Amino acid sequence: MPVLKLYYGDMPFWRAEVCRLALHLGKVPFEDVRAKTPEDRAAFKESGKAPFGQVPILEVDGKVIAQTGAIARYCGKLGGFYPRDDDFAAAKIDEIIDTATDITMAVGKTFRMEAKEKTEAREQLATVTLPMYLKALEKIMTENGSTGFYVTSKMTIADIAMWRLFGWLTGGIV
């Protein structure tokens, strides 16, 4: 088994949680390295570990994997939450992970807006953007039958990602 170190902030955001939970639930040992202070974040940034200057990153035997989707797929395979031999199911899971990223980007771009602009942008999120994504996600789940999961008949990283994303969205961020 490779030596794994997952780097992220000390928060339960979906980008890291999908990886943490896939490893934890799959009983895969890993070190959960969390930047807890501004000094921790600055030291991490100065370390040069993150090739694109952002987290999460996963160190595998000292080699770095960056980008949420790549890390999630890797952790999902190790933990048993991503298929190794079903390319269609893998593509559908990727579709959900990419949708989580799209939703995150749509919400995130409103954070630094001034009050009036933010109000208008959040109105657009609430009435157009999020309903469009939620309708599509509901259709994907419905088309998967009465399994209760987005893809296949068991939990995958797609389900973990959406569970944490919805927790973030309903936790008062928007």
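Caption draft 1: Spotlight on unusual backbone geometry. Residue P56 is reached from V55 by a cis peptide bond, and omega for that bond is 10 degrees. Mapping P56 onto the fold places it in the loop between α2 (38-47) and β3 (57-60). In this model, K27 sits at a positive phi of 55 degrees, which is unusual for a non-glycine residue. Looking at the element boundaries, K27 is found in the loop between α1 (14-25) and β2 (31-35). A residue is classified by how much of its surface remains accessible, and K27, at 73% relative accessible area, is exposed. Positive phi, normally seen in glycine, also occurs at T152, with a value near 65 degrees. Tracing the sequence through the fold places T152 in the loop between α5 (115-143) and α6 (157-173). Given a relative accessible area of 29%, T152 falls into the partly exposed group.

Caption draft 2: Main features of the layout of surface pockets. What the largest pocket holds in volume is close to 910 Å³. Together, 32 residues line the largest pocket, and Y8, R15, Q54, V55 and P56 are the ones closest to its centre. Taken together, the elements giving at least two residues each to the lining of the largest pocket come down to β1 (4-9), β2, α2, α3 (68-79) and α4 (87-108). Broken down by element, the lining of the largest pocket gets its largest block of residues, six residues, from α4. Here the residues of the lining of the largest pocket sort into 14 nonpolar, ten polar and eight charged.

Caption draft 3: Highlighting the side chain of E17. In this fold, E17 is placed in helix α1. Not counting chain neighbours up to four residues away, the residues in contact with E17 comprise M11, P12, A22, R34, I160 and R164.

Caption draft 4: Layout of the packing of aromatic side chains. In total, this model carries four aromatic pairs according to the counting rule given. For the pair F13 and W168, a centre-to-centre distance of 4.9 Å together with 75 degrees between the ring planes defines the contact as edge-to-face. Placement of the pair is F13 in the loop between β1 and α1 and W168 in helix α6, with a sequence separation of 155 residues. According to the relative accessible area criterion, F13 is buried, its value standing at 11%. Judged by relative accessible area, W168 falls into the buried class, the value being 17%.

Calculation notes
Residues numbered from 1 in each chain as written. Predicted model: local features only at pLDDT ≥ 70, side-chain atom pairs only at ≥ 80, totals over all residues. Heavy atoms only, no water. Helix = DSSP H or I, 4+ residues; strand = E, 2+ residues; numbered from the N terminus. Buried < 20%, exposed > 50% of the residue type's maximum accessible area, 1.4 Å probe, protein only. 1 Å grid on protein atoms, 1.4 Å probe; cavity = no way out; pocket = protein on both sides within 12 Å on 5 of 7 lines; lining within 4 Å. Points joined across faces, edges and corners; volume = space filled by probe spheres on them. Nonpolar A, V, L, I, M, F, W, Y, C, P; charged D, E, K, R; others polar. Contact = heavy atoms within 4.5 Å. Phe/Tyr/Trp six-rings, centres within 6.5 Å; stacked < 30°, edge-to-face > 60°.

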